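So the chains spell out like this:
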Amino acid sequence: MQTNDAAQTAPPPKWLHCNGRQLQKLAHAALVWLDQNHQHVNALNVFPVPDGDTGTNMLLTMRSAYNRVQDSDENHVGKMAETLAHGALMGARGNSGVILSQIWRGLAKGLKGKETFDAQNLADALQAASDTAYGGVMKPVEGTILTVIREGASEAGDAAKKSLDLRFLLERVLERCKQALERTPEQLAILKQAGVVDSGGQGLVYILEGMLRYVHGQMNGLQLTAVPSNNNFNANHQISAQELAMPEGGEIENPYDVQFILLGKNLNVNEVRDRIDAMGDSTVVVGDETTIKVHIHVKDPGEPISYGISLGQITDIVVENMQMQMEEIVHAPAVPTAPPIIKPTVQPGQIGVVAVAAGDGLAKIFESMNVSYVVSGGQTNNPSIEELFQAIQDVPTDKVIILPNNKNIILAAEAARDLSPKNVTVVPTKTAPQGLSAMLGLNPDGDLEGVTAAMTDASQEVATGEITRATRTVTLDGVEVNEGEFIGLVNGRLCTSGSELAGVLTAVLTAMEMEDRELLSLYYGQDISEDEAGDLAEQIEAQYDEVEIELLPGGQPYYFYILGAE
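Here is what the cut-offs are and how they apply
Residues numbered from 1 in each chain as written. Predicted model: local features only at pLDDT ≥ 70, side-chain atom pairs only at ≥ 80, totals over all residues. Heavy atoms only, no water. Helix = DSSP H or I, 4+ residues; strand = E, 2+ residues; numbered from the N terminus. Buried < 20%, exposed > 50% of the residue type's maximum accessible area, 1.4 Å probe, protein only. Contact = heavy atoms within 4.5 Å. Expected span 1.5 Å × (residues − 1). Arc of directions from axis to C-beta. Polar contact = N/O pair within 3.5 Å; in protein donor to acceptor, adjacent residues only side chain to side chain. Phe/Tyr/Trp six-rings, centres within 6.5 Å; stacked < 30°, edge-to-face > 60°. Lys NZ or Arg CZ within 6 Å of the ring centre and 35° of its normal. Patch = residues over 30% accessible without salt bridge, like charges linked within 9 Å, V, L, I, M, F, W, Y side chains within 5 Å. Areas by Shrake-Rupley, 256 points an atom, 1.4 Å probe, with all protein chains shown as cover. Salt bridge = Lys/Arg side-chain N within 4 Å of Asp/Glu carboxyl O. Lys, Arg positive; Asp, Glu negative; His and termini not counted. Charge placed at Lys NZ, Arg CZ, Asp CG, Glu CD. Pairing = 2+ DSSP bridges. Axes fitted to C-alpha atoms, helices over the stretch in contact; angles between N-to-C directions.

Chemist: Which residues make up the environment of Ala 133, and what are the values?
Modeler: On the secondary structure map, Ala 133 appears in helix α6 (residues 119–135). Judged by its relative accessible area of 1%, Ala 133 falls in the buried class. Ala 133 sits 31 residues away from Gln 102 along the chain, and the two C-alpha atoms are 5.0 Å apart. The residues contacting Ala 133, other than those within four sequence positions of it, are Ile 99, Gln 102, Ile 103 and Leu 146.

Next up, the structure:
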């Protein structure tokens, strides 16, 4: 019997429409393929320090997204995308996870109301995904995951004009994203120095690659591995964060969040504030005689809006049903988390502080400085948006300031702020010493905006030094580093490397300009004994006899010493 070679090699039929169940399978394939490759993403960390967790953060974010839909039989692609986006947002960890959640959010916006999507619909949704991701970052930087999604979206628009086949579009998008990824070192000098491509962009490429592998039938036999090691997962979890988030009795007293800008002439800010405040709670009314920004939680959203219209014109109107948002969180599948450290030091009406800390010692120090709620997290262990959201909700006041104390947690803190119905601000602290210094500016009875500004200023009054071991061999900022050596960083910048801790410490102290400082706080990590830390403190005292040395157990992992100089 003769075979028909032409029939055997015939291309598969065109894939013209994607429904909800198919999107669910694409998301699962993306998750599985990222799972298989996330350690490679972690290895692309620019700095040779043990915080290369971009891959893990993106994986945990994708897990949270897929967990919301894994048992769903929803065939409506718009609803499926919306659920995936919500799961990604609630589980987002680290900057890379937050940006990934914004990509899903934009995709869901683009697919809203659609039973299925075709090539042009997907191209439009990918453009919305790119726009939303860029909009979620205060200062977008090219040569990152943002560049990769932007170029992928651009390619999707071109591909949709040439073919109706979704398979063709995905192939073109993936190829363009790979090309964009390869160019990231040319756009971001630090990537070129380190000899790597952008880790977040690589994670996105793996996500798209997993989807295309599924389309081509290449995912057979691949399964998810165990959840990555992360201290936020606790097998003994009993009460979910979602359950704790719901107010007593299950009902929010004033369920509608109303915001708008009032435009007029000779407006009386104080009078407007008094009238608005009488309508509900969580009132913020600021502005001048011509422009007033209004925020209020009320039972009837029409009341403040009608009042505003009676005084002039209103614009930028936002009305959100917080009761529905809370119920979505409560009824969603719970993600096990480690219980944070809680110390109720704030009264209703005062300003409470949520701080992120790595190590029991640092957590206790923050507690001693009247932080209301300490969330466990830091390098390699970034808390999710949901965990930060829950911390905000558990503080017994409606005015909260977040101290992320890590550059990779700032975006998640800002997302939690935006999700909370409370009045929340973020002081963008990047280190524990900055967070502790910020606490010196706290006035619990002050004005939230004023206190936030004061704490932000106070956080900049300290220089931070960190000593750890190099996780890779690299030359960066003119410093040659060999894997396994001690390395020193000052204010996040690599400044020295060496085989002897004492030599690295000396270089760090010099870079911190200790001769001009008055106080040095030395926080020793979990791998350093009190005696070892004491000997080191004596050496520093001998070198800088006019500097007061404060020796404290930080208990932080990975970093032998964290130094704060004032």
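We are not done yet, so read on.
Chemist: Any chance you could break down helix α19 (residues 448–459) for me, citing the residues and the numbers?
Modeler: Along its 12 residues, α19 runs 16 Å from first to last C-alpha, staying within 8% of the 16 Å computed at 1.5 Å per residue. Residues Leu 448, Val 451, Thr 452, Met 455, Ala 458 and Ser 459 constitute the buried set of α19. Taken down its axis, α19 places every buried residue within 125° of arc, on the same side. Exposed residues on α19 whose side chains face more than 90 degrees from its buried face are Glu 449 and Asp 457. Buried residues along α19 sit in contact with β6 (351–357), β8 (399–403), β9 (423–426) and α18 (432–438). Its side-chain oxygen at 3.3 Å from the backbone nitrogen of Glu 449, Asp 447 defines the N-terminal cap of α19.

Chemist: Could you give an account of the packing of aromatic side chains, with specific residues and numbers?
Modeler: Enumeration over the complete set of coordinates arrives at one aromatic pair. Consider the rings of Phe 486 and Phe 560, whose centres lie 5.5 Å apart with planes at 65°: the pair is edge-to-face. You can see Phe 486 sitting in strand β13 (residues 486–490) and its partner Phe 560 sitting in the loop between β16 (548–553) and β17 (561–565), a full 74 residues away along the chain. With a relative accessible area of 10%, Phe 486 lands in the buried category. We classify Phe 560 as buried; its relative accessible area is 13%. The ring of Trp 33 is capped by Arg 213, whose NZ or CZ atom sits 3.9 Å from the centre of that ring.

Chemist: Could you give an account of a negative patch on the surface, with specific residues and numbers?
Modeler: Residues Glu 530, Asp 531, Glu 532, Asp 535, Glu 538 and Glu 541 make up a contiguous surface patch of negative charge. For Asp 531, the location among the structural elements is in helix α21 (residues 530–543).

Chemist: Kindly report on the sheet that holds β16, identifying the contributing residues and their values.
Modeler: Neighbouring strands of a sheet are bound in pairs by backbone hydrogen bonds; such pairs are parallel or else antiparallel. Ordered in space as β14-β13-β10-β17-β15-β16, the six strands form an open sheet in which the pairing is mixed. The outermost strands of the open sheet, each flanked by one partner alone, are β14 (493–498) and β16. Within this sheet the neighbouring strands show an average axis-to-axis angle of 20°, counted without direction. Where strand β15 (residues 519–524) meets β17, five bridges bridge the pair, whose relative direction is antiparallel. Looking at the pairing, Ser 521 lines up with Gly 564 of β17. Along the sheet, helix α15 (residues 360–368) makes contact with β15 and β16, crossing β16 at roughly 115°. Its contacts with the sheet put helix α20 (residues 501–511) on β10 (463–469), β13, β14, β15 and β17, and the angle it makes with β13 is roughly 10°.

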